Amino acid sequence: MQEKIKNFINKVLESIQMEGVNFSIEHPEDFKNGDYSTNVAMVCSKNLKINPKELAEKIVGEMNKDLPVEISKIDVAGSGFINFHLSREFFSKNIEEILNQAEKVGSNSKLSGKRIMVEYTDPNPFKPFHIGHLMTNTIGESVARILEHSGAKVGRANYQGDVGLHVAKAIWTIKQRGFPAFTYENSSNIKKATYIGECYSFGSSVYETDPKAKEEIDDINQKLYAKGEEREKNKDIYDIYDWGFEITMEAFEDIYRLLGTKFDFYFLESLMAPVGEEIVRANIGKVFEESDGAIVFKAEKYDPKLHTRVFITSKGLPTYETKELGLTEEKFKTDPDMDLSIVVTANEQEDYMRVVAKAISLIHSEHEKKMFHITHGMMRLATGKMSSRKGNVVTGESLLRDTIALVAERVKERDWNTEEKNIVADKVGVAALKYSILKQSIGGDMIYDFEKSISLEGDSGPYLQYSYARANSIIEKAQKENILPDFETIPEEVFEIERMLYVFPEVVDRTRDLYEPHHIASYLIEVARAYNSFYGNTVIVNKEDINSSYKIAITYAFSFVMKKGLQLLGIEVPIKM
């Protein structure tokens, strides 16, 4: 509808020789002032040096000569704003259209034919699944779904650090404690993965305090890059490596299933390192240069905001930057027809990623406009202590499972079977975390509050799920009463919820263009409040009410929009709560 009004305004401007004007169309804060408002008269008046209100009245006069059926009236407000009031017919037709679209509500084909790869999550084997991994997974999955909803072919990619000092630290500790004797071999995968994470943490601490341990860990790190016969010579190290890699990767998959993510591509640092190293060495003297035995990229030569980064150390080891270079090369080889490569990381990686992007642009200029970097802030707990409810150091996994456990405590008295309780606890717990992350502007830091996140009132994911479940129960009640959606009799009154529902496609468009899921999150809270107000002030299921079928149609429309909106955030909807 916004596009229709824009075209209508341009047509009128053309008729009075004022075409080519750059104006805006927005929704007024109060629906009493109309459904759309434009500043077109104020923009034009600056150029023509005439009174904006008089010009607005002239433009409205021209508009009223051929008013579209979707608009009931147009008026002038303030110093020259033009307000558009949509017709009752428009709103009822929109409800009908939503019912016809059902699961496809809000979809479009604006990215049809585009191939996009989104890389996110990126946890490292041999290390715990941290809060940052949880945040980038939540954001990346939502962005991927939003792009798909606009017709793009999206490939989900996961880049994992299977080599590096962190692996050496874990292997050193496991070796010291005894392998395979002391590995919790008969325990659950979660316990084994937790043990590996603890070994990494211990190895990290001794690396900083014990010179002998540091030397041994550095030696293991060097050997992790060995190939062929050299690998066979270090079988004791690689036996531990193979075991730990399999355990932690399986543990990550358990988390992905819980979060609702399934990856199409897995890229490993160990395989990207030689690709990146070959590129770096082939471009010494062109892009890279030698410095004190290392190979560096002096990015400030090309952009004063950038700085020098080491790509290959004086010991001959590739750095993160070189591996990132190899990863980008491999991505475009994997999908040569890719239109866009998106990477989601924490803010702290922004500077080094900009340097890598500049180096890539000098080597492959055709990639430069096909790369986009999304960064997110940090999460802190409302308690101020970065520890889980059980007192352990908080990880992304512990935060997720603690939230699910908290929900499970709240539903244990419900008259449901165990399976139903577990399903609801999982879905609501995941929703609580994901919504808490996505409701924030993704570049800023956030505070996570366990209690507020699972509240069925206010600004929370469970509140949105509960609103959907409420609508679903009303639909079930109507079906028992044989009251089905119908558009034969429509009330004169336009309900606030109707004024919210038609906006959904616009919100999806804005979210897609800006890569900012918080716009959908904010919209869903507003539409849920509008529906709950509609529910509280209106008897919806009533055989004696000739408008009951239309009110049920509104309820169906709300349920479709809420379900799809939550799905775009990566949140599932339980049928009951």
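Please refer to the structure placed before this passage.
Model, not experiment: these values are computed from the prediction. (Residues numbered from 1 in each chain as written. Predicted model: local features only at pLDDT ≥ 70, side-chain atom pairs only at ≥ 80, totals over all residues. Heavy atoms only, no water.)

Participant: I tried to follow the layout of surface pockets on my own but got confused; where do I start?
Facilitator: If a probe the size of a water molecule is rolled over the atoms, the empty space left behind becomes visible. By volume, the largest pocket is sized at about 1,500 Å³. Around the largest pocket, the lining comprises 45 residues; the ones closest to its centre are Gln2, His27, Tyr502, Val503 and Glu506. Those elements that provide at least two residues to the lining of the largest pocket are helix 1 (2-15), strand 1 (25-26), helix 4 (88-101), helix 18 (496-501), helix 19 (504-514) and helix 20 (518-537). Class assignment for the residues of the lining of the largest pocket results in 17 nonpolar, 12 polar and 16 charged. If you go around the second largest pocket, you meet 33 residues; those closest to its centre are Asp122, Asn124, His133, Glu348 and Gln349. Only helix 5 (131-149), strand 6 (153-160), helix 12 (320-334), strand 11 (340-346) and helix 13 (350-363) provide two or more residues apiece to the lining of the second largest pocket. For the lining of the second largest pocket, the element with the highest residue contribution is helix 5, accounting for 5 residues. (1 Å grid on protein atoms, 1.4 Å probe; cavity = no way out; pocket = protein on both sides within 12 Å on 5 of 7 lines; lining within 4 Å. Points joined across faces, edges and corners; volume = space filled by probe spheres on them. Helix = DSSP H or I, 4+ residues; strand = E, 2+ residues; numbered from the N terminus. Nonpolar A, V, L, I, M, F, W, Y, C, P; charged D, E, K, R; others polar.)

Participant: Got a minute to help me understand the pattern of salt bridges in this structure?
Facilitator: A pair can form between side chains of opposite charge whenever their charged atoms are brought close. Taken as a whole and judged by the stated rule, the model has 35 salt bridges. One salt bridge connects Arg401 with Glu397, and the closest N-O pair in it is separated by 3.0 Å. Within this pair, Arg401 and its partner Glu397 are both found in helix 14 (residues 396-411), separated by 4 residues, close to a single helical turn. Residue classification places Glu397 among the buried positions, given a relative accessible area of 18%. Linking Arg512 and Asp509 is a salt bridge whose minimum nitrogen-to-oxygen distance equals 2.8 Å. Taken together, the residues Arg512 and Asp509, both in helix 19 and 3 residues apart, mark about one turn of the helix. Comparing Arg512 with Asp509 shows no difference in burial state: the two are buried. Connected through salt bridges with shared partners, the residues Lys110, Asp509, Arg512 and Asp513 form a single ionic network. (Salt bridge = Lys/Arg side-chain N within 4 Å of Asp/Glu carboxyl O. Buried < 20%, exposed > 50% of the residue type's maximum accessible area, 1.4 Å probe, protein only.)

Participant: What's the story with the side chain of Arg88 in this structure? I'm lost.
Facilitator: By secondary structure assignment, the location of Arg88 is in helix 4. Among the residues examined, Arg88 registers a relative accessible area of 18% and is labelled buried. Contact partners of Arg88, with chain neighbours within four places excluded, come to Ile490, Pro491, Glu492, Glu493, Val494, Phe495, Glu498 and Tyr550. (Contact = heavy atoms within 4.5 Å.)

Participant: What exactly am I supposed to notice about helix 10 (residues 235-259) here?
Facilitator: Every α-helix winds through 3.6 residues per turn, so residues three or four apart in the chain are directed the same way. Here helix 10 is 25 residues long and its end C-alpha atoms lie 36 Å apart, about the 36 Å a rise of 1.5 Å per residue gives. Backbone geometry just after helix 10 places Gly260 at a positive phi near 80°. (Expected span 1.5 Å × (residues − 1).)

Participant: I'm lost on the packing of aromatic side chains in this one. Help?
Facilitator: The description of an aromatic ring pair uses the distance of the two centres, along with the angle that the planes make with each other. If you walk through the whole model with that rule in mind, you get 26 aromatic pairs. Ring geometry for Tyr36 versus Tyr502: centroids 6.0 Å apart, planes at 70°, classification edge-to-face. Taken together, the positions of Tyr36 in strand 2 (residues 36-38) and Tyr502 in the loop between helix 18 and helix 19 put the pair 466 residues apart, joining distant regions of the chain. Through pairs of rings, three or more aromatic residues link up here, namely Tyr120, Phe129, Phe252, Tyr256, Phe263 and Tyr266. For Arg177, the ring lying beneath its charged end belongs to Phe202, and the centroid distance is 5.3 Å. Note that Lys323 overlies the ring of Tyr320, its terminal NZ or CZ placed 5.4 Å from the centroid. (Phe/Tyr/Trp six-rings, centres within 6.5 Å; stacked < 30°, edge-to-face > 60°. Lys NZ or Arg CZ within 6 Å of the ring centre and 35° of its normal.)

Participant: What exactly am I supposed to notice about the sheet that holds strand 9 (residues 294-298) here?
Facilitator: The strands making up a sheet associate through backbone hydrogen bonding, with each pair oriented either parallel or antiparallel. Strand order in the open sheet made by the 3 strands is 8-9-10, with antiparallel pairing throughout. What marks the edges here is a single partner per strand, and that holds for strand 8 (289-291) and strand 10 (308-312). Direction aside, neighbouring strands of the sheet carry axes that sit 50° apart on average. In the sheet, strand 8 pairs with strand 9 via 3 bridges, with the strands oriented antiparallel. Residue pairing across strands places Ser291 opposite Ala294, the latter belonging to strand 9. With respect to the sheet, helix 11 (residues 269-282) is in contact with strand 9 and strand 10, its orientation differing from that of strand 10 by roughly 115°. (Pairing = 2+ DSSP bridges. Axes fitted to C-alpha atoms, helices over the stretch in contact; angles between N-to-C directions.)

Participant: I would appreciate a short explanation of unusual backbone geometry in the present structure.
Facilitator: Generally, phi is negative for residues other than glycine and the peptide bonds are trans, each holding for most cases. The omega angle of the peptide bond from Phe179 to Pro180 is 5°, so this bond is cis rather than trans. By secondary structure assignment, the location of Pro180 is in the loop between helix 6 (165-177) and helix 7 (189-209). One non-glycine residue, Asp122, adopts positive backbone phi at about 50°. If you trace the backbone, Asp122 turns up in the loop between strand 5 (115-119) and helix 5.

Participant: Can you help me understand the environment of Ile139 in this one?
Facilitator: Of note, Ile139 is situated in helix 5. The sequence separation of Ile139 and Pro517 amounts to 378 residues, and the corresponding C-alpha distance is 7.5 Å. Ignoring any residue separated from it by four or fewer positions in sequence, one finds Ile139 in contact with Val344, Ile374, His376, Ile437, Leu438 and Ile442.

Participant: Please explain the pairing of strand 6 as it appears in this structure.
Facilitator: Sheet faces and side chains relate simply in a regular strand, where the side chains alternate between the two faces. Among the 8 residues of strand 6, 7 are classified as buried, and the element is accordingly described as predominantly covered. Sheet analysis places strand 5 next to strand 6, joined by 5 bridges and oriented parallel. Residue pairing for strand 6: Arg115 is matched across the bridge by Lys153. What joins strand 5 to strand 6 is helix 5, and the crossover it makes is right-handed. Both strand 6 and strand 7 (residues 265-268) contribute to a ladder of 4 bridges, which runs parallel. Paired with Tyr159 across the two strands is Phe267, which belongs to strand 7. (Right-handed = clockwise from strand over helix to strand, strands pointing away.)

Participant: Can you help me understand the nonpolar core in this one?
Facilitator: As a rule of thumb, soluble globular proteins bury nonpolar side chains together. Counting residues in hydrophobic clusters, the biggest one holds 129 residues, and the most contacted among them are Ile59, Phe84, Leu147, Leu399, Ile497, Leu501 and Tyr523. Top contributing element to this core by residue count: helix 21 (residues 548-568), with 11 residues. The contacts of Ile59, once residues within four sequence positions are left out, are Val12, Leu13, Ile16, Val40, Ala41 and Ile82. Membership of the second largest hydrophobic core comes to 25 residues, among which are Ile217, Tyr238, Ile240 and Ala251. (Core = buried A, V, L, I, M, F, W, Y, C linked by side-chain atoms within 4.5 Å.)

Participant: What should I look at first to understand the pairing of strand 5 in this one?
Facilitator: Across the 5 residues of strand 5, 4 count as buried, placing the element largely inside the fold. Pairing of strand 5 with strand 11, which is carried by 4 bridges, proceeds in the parallel orientation. Its bridge partner being in strand 11, Val118 is matched across the sheet by Ile342.

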